[in-house]
Amino acid sequence: MTTYIIRRLLYMIPVIFGVSFIIFVLFNVVAGDPAPLLLGKHATAQQIHDLREQLGLNKPLFAQYMDVVKSAFTFDFGRSWATRQDIIEMIRQGAWPSLTLTIPAFAISTVLSILLSLVVAFYRGKGIDLTIRFLCIAGQSISSVAYILFFQYFFAYKLGWFEISGYEPEFPMFLSYVALPGIIWIVLSLGPDVRFFRTVILDEIYQDYVRTARAKGLGEITVLLKHVLRNAMIPIITYVVIQIPFLILGALLLESFFSIPGLGGITLNALNSSDFPVIKAMAVLSSIAYILFSLLTDVLYTLADPRVKLK
Amino acid sequence: MSTRLISLVFAFMIAAVGCSREQNFDEKVLNLITPQKIKGFDPIYAADLYASNEIGKVYEGLLEFHYLKRPYELTPNLAESMPEVSADGLTYTFKVKKGVMFQDSKAFPNGKGRELKADDFIYSIRRMADPKLQSTGWWLLDGKIAGLNEWRDKNANAEKVNYDEAVEGLKKIDDYTFQFKLTKPFPQFLYALAMPFTFAVAKEVVEHHGQEFQNYPVGTGPFKLEYFDNSNRIVYHRNPTFREKFYPSEGEATDEAAGLLADAGKKLPLVDKVIVNIVVESQPQWLNFQKGSADLLGVPKDNFDQAIVGGKNLHPDMAKKGIRLSMVNALDTTYVAFNHTDPLFKDNIKLRQAMSLAYDHVESNKLFYNNTATIAQSIIPPGISGHKKEYKNPYIGRNLEMAKKLLKEAGYPDGKGLPELNYETVGSTVSRQQGEFFAKNMADIGIKIRISTNTWPELVKKTNTKTAQMFGIAWGADYPDAENFFGLLFGPNESPGSNSSNYKNPTFDKIFAQASIMQDGPERTALYEQLYEMAGNEVPWIYGMHRTSVTVYQGWVKNYKYIEFNHTQVQYLNADLEAKKELLKKF
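What counts and what doesn't
- Residues numbered from 1 in each chain as written.
- Chains lettered and ligands numbered in written order.
- Predicted model: local features only at pLDDT ≥ 70, side-chain atom pairs only at ≥ 80, totals over all residues.
- Helix = DSSP H or I, 4+ residues; strand = E, 2+ residues; numbered from the N terminus.
- Buried ≥ 20, exposed ≤ 12 C-beta atoms within 10 Å, placed from the backbone.
- Contact = placed C-beta atoms within 7 Å.
- Rg over C-alpha atoms; globule rule 2.2 N^0.38 Å.
- Pairing = 2+ DSSP bridges.
- Axes fitted to C-alpha atoms, helices over the stretch in contact; angles between N-to-C directions.
- Expected span 1.5 Å × (residues − 1).
- pLDDT = per-residue confidence, 0-100.
- Core = buried A, V, L, I, M, F, W, Y, C linked by C-beta atoms within 7 Å.
- Nonpolar A, V, L, I, M, F, W, Y, C, P; charged D, E, K, R; others polar.
- Parallel < 35°, antiparallel > 145°, perpendicular 65-115°, else oblique.
- Left-handed = near helix turned anticlockwise from the far one by under 90°.

## Things to note about the overall build of chain A
A count of helices and strands for chain A gives 16 helices and zero strands. In terms of principal-axis extent, the alpha carbons of chain A reach across some 85 × 60 × 35 Å. A buried classification covers 38% of the 311 residues belonging to chain A. Here the contacts in chain A between residues at least 6 apart in sequence split such that 72% fall between residues at least 24 apart.

Okay, here's the thing in structure tokens:
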């Protein structure tokens, strides 16, 4: 397994090269020129030229690409072109608000979804199953913005149960700010999650070993929790763990509507202002996180199912 | 297990609700909202409205716009008086107020702020010209101060910029007196000294914080920064070392009746604390205001009907809560620009005129501005010298018959032979809707429009490289002088300069060059009016609207008066805590 992990970690090197290349190409082909954006509406051609020179945008393309690669490997992303802040510091500041929102919401929604999918699997084909499935599909059919607008208006403004917007980094103050967006996250996640987990669990429920367990006289709940759920863990782990890197990127819409100063907003601002160092940092860090968590998924397979060997 | 989980969720929610911030009635606090993240507090980068509003709370300049007088009038701020100007209009001598202190900071010896001197202004102006810093305000001084461009060029490739070298046009006379020497008359120069770009910073603070300077503002201004998270919240407290500056005792004729002189002669600032929350989306902005958590707000477009009835009156439900309304013409112009490097538009004035006549300004005003805007007849908004109230542009006001006639004379009867035209816009919902509306209007005379949506960087790139055929955009005044608008049609300012439509007209350019160096007076106004009519008749753009700023503010906020250049406004605002206690009961 150690060899496998080392090999997978080494795969990160070509991936980082590849990600750097894609970002670099996109930035140079698709994105706008940052110099006039940074200089404002009165910029002159001379100023734009001088600023491009300072930002290293007049260097040969290969040299610029190598700068991108270097910063990706050294994690020295420099400073934001737009705000002149240290990028690592920006990410550090933004990560906490994002994670205080996404991690609890994600954990609760995952546990709740698994529990609900066990319930619907238990009552498969019956009224409760049909009702929950109907609610899941109906819930998914409504735009996430509609949920946000309604919940914010009704629960925060009308009922006054929650703050309308804002954020305090200190515990427990942040709870009052992330509670409502967290609940919206949970509501938004339940539909797709329950439907997916239900399918996975039903796939297992008709297997021979389940019939064997029932034949031995085990109760339905024991069969579901001890046998079915355990065997369904591989697709569940894949589905769940692979979402974790995206939690770090924050929840763009929720952060925006609830004024949570997380990484989603930082990324969006960077895209809107062609702030290449920040875009680069976010892309590289999220791809590294993606690789690490897919590796973690593989490792968790071995724990969930001892028959799985990593070679 | 599920019961435990549900209990946990409820516990989480209850705990969450119990931790909210409470209203504080012990000190006068203003709760404001800004819709954009703040890039930082360095005055030399104060190009956007939101950053300059924050910079203006901490830093100050030599001059400022009088808070109450209209038309806008400059008044001394850190300057002891208005400057002495030499007869040739080239030398401006300023005396700096004595006893003005920079706020305390660890950048100063013993952490105590020192006195502001003439050297600080000379240093701050040089920072704007520093080639390594690339100030977004350099255009204000570019080519205008003797020796400053030479100093900038000389240091462009230097390892370290030499601030010790003398610059002819920036001369210290004594600790409190200095002179600007201009290369040519520049009547708008004094406006530059009221803009945040030229506000005074202390060299020690800049050097102490280095690249982090923009996060550690230390000025002489009315407020001291207490907390800054550029994407969440900014908190200021009253600056304890702020000098004796008083609320004005005179203003417009109507100000006294409006209660705007009730605090005349009181020491500024009038509130103890200012909290600025960054709220990007319009719904939470509106709900926070409706709940009393925000003290004033520009009414979001989608909430207009909830705030205003009959197009100009405050909704009774809001009036009951003591909320008040301000509707004032903003100094801006929206327009659809033609790219004049495209031979299709450059050489065909009749095509431009036909398209302008096909555009339905009245419907556009209803759809996009809740019928509050003023239809632009030319480039200058009302309220600026050069705007000719009696001028009616013959190519504004929908007239499809005339538009079709002109289109035929332009060589494209019913649009035949005219290729599909490309209208570039940004991807926001309203901008796309405006594009659709424009396309529909043009289709009525047979012109086909393709709408291309862009991110803002993409659109800027296209206009700078002259590849955008037509684009919808707006211009807000940097200062209240027509020169700031006419410059958008001045040939030498072509892209990537401010003349992004690349319009060139030698007669216009000649008159503009002549007028732009003249002091304000009847002669200059006559030239401005000539330019105004020319800009109207030539239809270099399809003029859109001069928008109206619609602001609502709470009943406990005192002294609110709309000011276009509002970076120093907050020091004049007051909060009536007793009124707040009472009014909040109605929320």
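## Observations regarding the overall build of chain B
Within chain B, the secondary structure is distributed over 19 helices and 24 strands. What you see for chain B is a C-alpha radius of gyration of 26 Å, in line with the 25 Å of a compact globule of 587 residues. When its C-alpha atoms are laid out on the principal axes, chain B stretches across 75 × 75 × 55 Å. Burial status across chain B gives 45% buried among its 587 residues. In chain B, the proportion of contacts linking residues at least 24 apart, taken out of those at least 6 apart, comes to 68%.

## Some remarks on the pairing of strand β7 (residues 177-181) of chain B
Regular strands place their side chains on alternate faces of the sheet. Residues and elements named next belong to chain B. On β7, burial follows the alternation: F178 and F180 on one face are buried, whereas T177, Q179 and K181 on the facing-out side are not. Taken together, the five bridges between strand β5 (residues 91-95) and β7 define a ladder with antiparallel strand orientation. Across the sheet, residue T91 finds its bridge partner in β7, namely K181. Where strand β6 (residues 170-174) and β7 come together, four bridges link them in antiparallel fashion. Its bridge partner being in β7, L170 is matched across the sheet by F180. Between the end of β6 and the start of β7, which pair antiparallel, lie two residues.

## Focus on the sheet that holds strand β8 (residues 223-229) of chain B
All names here are of chain B. Strand order in the open sheet formed by four strands is β1-β10-β9-β8, and the pairing between neighbours is mixed. Each edge of the sheet is formed by a strand with only one pairing partner; in this case those strands are β1 (29-34) and β8. Each strand axis lies, on average, 15° off the axis of its neighbour in the sheet, ignoring direction. The sheet contact formed by β8 and strand β9 (residues 233-238) spans six bridges and is antiparallel. Within β9, the position partnered with L225 by the bridge is Y236. The strands touched by helix α2 (residues 49-58) are β1, β8, β9 and β10 (273-278); relative to β8, the strand with the most contacts, the crossing angle is about 140°.

## Quick word on the environment of G383 of chain B
Residue and element names in this part refer to chain B. Position of G383 relative to the elements: it lies in the loop between β16 (374-375) and α13 (400-409). Among the residues examined, G383 registers 17 C-beta atoms within 10 Å and is labelled partly exposed. On a C-alpha basis, the gap between G383 and P71 in space is 6.8 Å, while along the polypeptide they are 312 residues apart. In contact with G383, not counting residues within four places along its chain, are P71, N329 and L331.

## A few points about the sheet that holds strand β19 (residues 470-476) of chain B
In a beta sheet, neighbouring strands pair by backbone hydrogen bonds and run either parallel or antiparallel. Residue and element names in this part refer to chain B. An order of β18-β17-β19-β15-β20 is seen for the five strands of this open sheet, with the pairing classed as mixed. A single partner strand is all that each edge strand has here, and the edge strands are β18 (449-454) and β20 (541-543). Each neighbouring strand pair of the sheet contributes to a mean axis angle of 30°, computed without reference to strand direction. Examined bridge by bridge, strand β17 (residues 421-426) and β18 share six bridges and lie parallel to one another. Bridge assignment links Y423 to a residue of β18, and that residue is I451. Strand contacts of helix α14 (residues 429-443): β15 (332-338), β17, β18 and β19, with the helix running at about 160° to β17, the strand carrying the most contacts.

## Regarding helix α8 (residues 144-158) of chain A
Taking 1.5 Å per residue, 15 residues should reach 21 Å; α8 of chain A reaches 20 Å between its end C-alpha atoms and fits that length. By the burial criterion, the buried members of α8 of chain A are I148, Q152 and A156 of chain A. Close packing links the buried residues of α8 of chain A with α9 (173-205) and α14 (252-257) of chain A together with α7 (282-290) of chain B. Positive phi shows up at G160 of chain A, right after α8 of chain A, with a value of about 70°.

## Some words on the environment of E252 of chain B
Residue and element names in this part refer to chain B. Relative to the helices and strands, E252 is located in the loop between β9 and β10. Assessed through the 14 C-beta atoms surrounding it within 10 Å, E252 is described here as partly exposed. Taking C-alpha positions, E252 is 25 Å from T333, a pair spaced 81 residues apart along the chain. Setting aside its immediate chain neighbours within four residues, E252 contacts L68, K69 and R70.

## Describing the confidence of the model for chain B
Residues of chain B with pLDDT of at least 70 account for 96%, and the chain-wide mean is 93. Here the complex is predicted with pTM 0.89, and the ipTM for its interfaces comes to 0.88.

## So, the nonpolar core
Counting residues in each nonpolar core, the largest one holds 96 residues, and the members touching the most others are L141, I379, F486, L489, L531 and L573 of chain B. At five residues, the largest contribution of residues to this core is made by helix α3 (residues 118-129) of chain B. If you look at the next biggest cluster of nonpolar residues, it comprises 75 residues, including L101 and L247 of chain A together with W286 and L297 of chain B.

## Some remarks on the interface of chain B and chain A
Facing the 48 residues of chain B at the interface are 53 residues of chain A. Secondary structure elements with two or more residues in the side of chain B that touches chain A: α1 (2-17), β10, α7 and α15 (456-464) of chain B. Counting residues per element, the side of chain B that touches chain A draws most heavily on α1 of chain B, at eight residues. Residue classes in the side of chain B that touches chain A are distributed as 22 nonpolar, 19 polar and seven charged.

## Here's the deal with the packing of helix α12 (residues 233-241) of chain A against helix α16 (residues 276-304) of chain A
Residues and elements named next belong to chain A. One can describe the packing of α12 onto α16 by two numbers: an axis separation of 9 Å at closest approach and a directional angle of 160°. Judged by the inter-axis angle, α12 sits roughly antiparallel to α16. α16 is crossed by α12, and the crossing has right-handed handedness. Where α12 abuts α16, its residues M233, I234, I237, T238 and V241 lie against F293, L296, T297, L300, Y301 and A304. Taken together, the residues of the contact of α12 with α16 sort by class into nine nonpolar, two polar and no charged.

## Looking at the environment of H209 of chain B
Residue and element names in this part refer to chain B. Structurally, H209 is set in helix α6 (residues 203-209). H209 gets classed as partly exposed once you count the C-beta atoms within 10 Å, which come to 18. For the pair H209 and A107, spaced 102 residues apart in sequence, the C-alpha to C-alpha distance is 7.9 Å. Once residues lying within four places of it in the same chain are set aside, the contact partners of H209 are A107 and Y216.

## Looking at the packing of helix α11 (residues 349-358) of chain B against α13 of chain B
Residue and element names in this part refer to chain B. Packing of α11 against α13 brings their axes to within 8 Å, and their N-to-C directions diverge by 160°. Of the possible angle classes, the one that applies to α11 and α13 is roughly antiparallel. Here α11 and α13 pass one another in a crossing that is left-handed. Contacts between α11 and α13 involve K350, L351, Q353, A354, L357 and A358 from the first element and L400, M402, A403, L406, L407 and E409 from the second. Its residues assigned to classes, the contact of α11 with α13 comprises nine nonpolar, one polar and two charged.

## Let's talk about the confidence of the model for chain A
Of the residues in chain A, 100% reach a pLDDT of 70 or more, and the chain-wide mean stands at 90. Of all the helices and strands in chain A, helix α13 (residues 244-248) of chain A carries the lowest mean pLDDT, 81, while α8 of chain A carries the highest, 95.

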